[in-house]
Amino acid sequence: MRIAVTGSIATDHLMTFPGKFADQLIPDQLHKVSLSFLVDELEIRRGGIAANICFGMGCLGERPILVGAVGADFADYRSWLERHGVDAASVHVSDVRHTARFLCTTDDDHNQIASFYAGAMSEARDIELGPVADRAGRLDLVVISPNDPEAMLRHTQECRTRGIPFAADPSQQLARMDGDDVRALIDGAAYLFTNEYEKALAEQKTGWTDEEILDRVQIRVTTLGPKGVRIDRKGEPSLHVPAAPEEAKVDPTGVGDAFRAGFLCATSWGLPLERAAQTGNLIAVHVLESAGCQEYVLGRARFTERFAAAYGDDAAEELAAHLTCPNP
């Protein structure tokens, strides 16, 4: 299955605040907040949602096609992704802008305050999917993850025009886009990915109820943090898949991206939705246990062992038949 992942490609600046944001907020002064947080740690890591998803898929042995826009400073990052199985030949390089930057501070309760500088990402609106499909031979699925809003709308419409199934993953851009745009991103999607808050926000912005959204998408996937994930399909009972146990909690940044990577890989292998969610949950835990979105290592033996411990030997055996991780 040839999967192209469109979206942001960025450098992450991840900081840790030794306290709680909530303790610094004065309820009757929220209309004029002016705060500065002295952080203990700063990690500069590779990131961007599309790149994170592709990295995770590459670690499982797939070869996803990364589609996005970067600056001339992307050379080292490109090499890193290609070494981890990502096809980066369709990445557009800007002549005038730097690669996007994500700046995020996490407190002791794992709450986050973040900012995102788009930079070269704004040129993603100029990317056509047709040449990507021609180069790859075909595209079986296009993931529309957070990106320049015009690029997201353009890619979605091009998928409809060309008859390419697409997965809608609007997440962070839901806050920025209006109802008409959100409806355009969701309508007709093969998959709709959100977390719980984004699910409610999507319903509010579109004006559609949960049932009405299920009329318009084939499969709705809602991540629930430590409670796992829920999968909904019209006319079918909800499927709840519990989270995989974590060995540590280091940083939650990129956990959702990793989930999507595992889910998409298992889906491309023809595994059932439950197994796809379990695969996504286990990769998500690997990110939670790491400082950075692409600092984890997936080895076939250890991944299968942890999968069995979380979801049973039969499930692990079914998954292992498809795993082609470069690491043993």
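Refer to the structure above for everything that follows.
Residues numbered from 1 in each chain as written. Predicted model: local features only at pLDDT ≥ 70, side-chain atom pairs only at ≥ 80, totals over all residues. Heavy atoms only, no water.

### Things to note about the sheet that holds strand β1 (residues 3-6)
The criterion, for reference: In this analysis, strands are considered paired if DSSP registers two or more bridges between them. Helical segments are the DSSP runs of H or I of at least four residues, strand segments are the runs of E of at least two, and each set is numbered from the N terminus. A fitted line through C-alpha atoms represents every axis, and for helices the fit uses only the stretch in contact; the resulting angles, taken between N-to-C directions, go from 0 to 180 degrees.
If you walk across this open sheet you meet the eight strands as β4-β1-β9-β10-β11-β12-β13-β14, and the pairing is mixed. Because the sheet does not close on itself, it has two edges, and the strands there are β4 (65-67) and β14 (239-241). Taken pair by pair, the neighbouring strands of this sheet meet at an average axis angle of 20 degrees, ignoring direction. Where strand β9 (residues 141-144) meets strand β10 (residues 166-168), three bridges bridge the pair, whose relative direction is parallel. Bridge pairing links Ile144 to Ala168 in β10.

### Focus: the sheet that holds strand β2 (residues 10-16)
With mixed pairing, the four strands of this open sheet are ordered in space as β3-β2-β7-β8. Strand pairing shows two members of the sheet lacking a second neighbour, β3 (41-47) and β8 (112-117), which therefore form its edges. Adjacent strand axes in the sheet meet at a mean angle of 15 degrees, parallel and antiparallel pairs treated alike. Sheet analysis places β2 next to strand β7 (residues 100-106), joined by seven bridges and oriented parallel. Across the sheet, Thr11 pairs through a bridge with Arg101, a residue of β7.

### A closer look at the environment of Gly256
The following threshold applies: Working definition: with a 1.4 Å probe on protein chains only, accessible area under 20% of the residue-type maximum means buried, over 50% means exposed, and in between means partly exposed.
When you line up the elements, Gly256 lands in helix α8 (residues 255-268). The exposure class assigned to Gly256 is partly exposed, which follows from its relative accessible area of 26%. Sequence separation between Gly256 and Asn111 is 145 residues, and the spatial gap between their C-alpha atoms is 15 Å.

### Structural notes on the environment of Lys249
Definition in use: What makes two residues a contact is simply this: any of their non-hydrogen atoms within 4.5 Å.
With respect to the helices and strands, the residue Lys249 is situated in the loop between β14 and α8. Not counting chain neighbours up to four residues away, the residues in contact with Lys249 comprise His110 and Leu288.

### Structural notes on the nonpolar core
Let me state the cut-off plainly: Put simply, buried Ala, Val, Leu, Ile, Met, Phe, Trp, Tyr and Cys residues joined by side-chain atoms within 4.5 Å make one nonpolar core.
Core analysis: the biggest nonpolar cluster contains 61 residues, and Leu60, Leu81, Phe263 and Phe303 have the highest contact counts within it. The residues touching Leu81, leaving out its near neighbours within four places in the chain, are Ala51, Phe55, Leu66, Phe74, Val86 and Gln294. Within the second largest apolar cluster, 32 residues are counted, among which are Cys159, Ile164, Leu174 and Ile186.

### Examining the pattern of salt bridges
So the rule is basically this: Any carboxyl oxygen of Asp or Glu that lies within 4 Å of a side-chain nitrogen of Lys or Arg is treated as forming a salt bridge with it.
Considering all chains together, one arrives at 26 salt bridges under this definition. With its nearest N and O atoms 3.0 Å apart, the salt bridge here joins Arg260 to Asp169. Taken as a pair, Arg260 in helix α8 and Asp169 in the loop between β10 and α5 (179-186) lie far apart in primary sequence, 91 residues in all. Each member of the pair, Arg260 together with Asp169, is buried. The residue Arg306 makes a salt bridge to Glu247 at a minimum N-O spacing of 3.8 Å. Of this pair, Arg306 sits in helix α10 (residues 300-311) while Glu247 sits in the loop between β14 and α8, and the two are 59 residues apart along the sequence. Residue Glu247 is classed as exposed on the basis of its relative accessible area, which comes to 53%. In the salt-bridge network here, residues are joined through shared partners; they are Glu247, Glu289, Arg302, Glu305 and Arg306.

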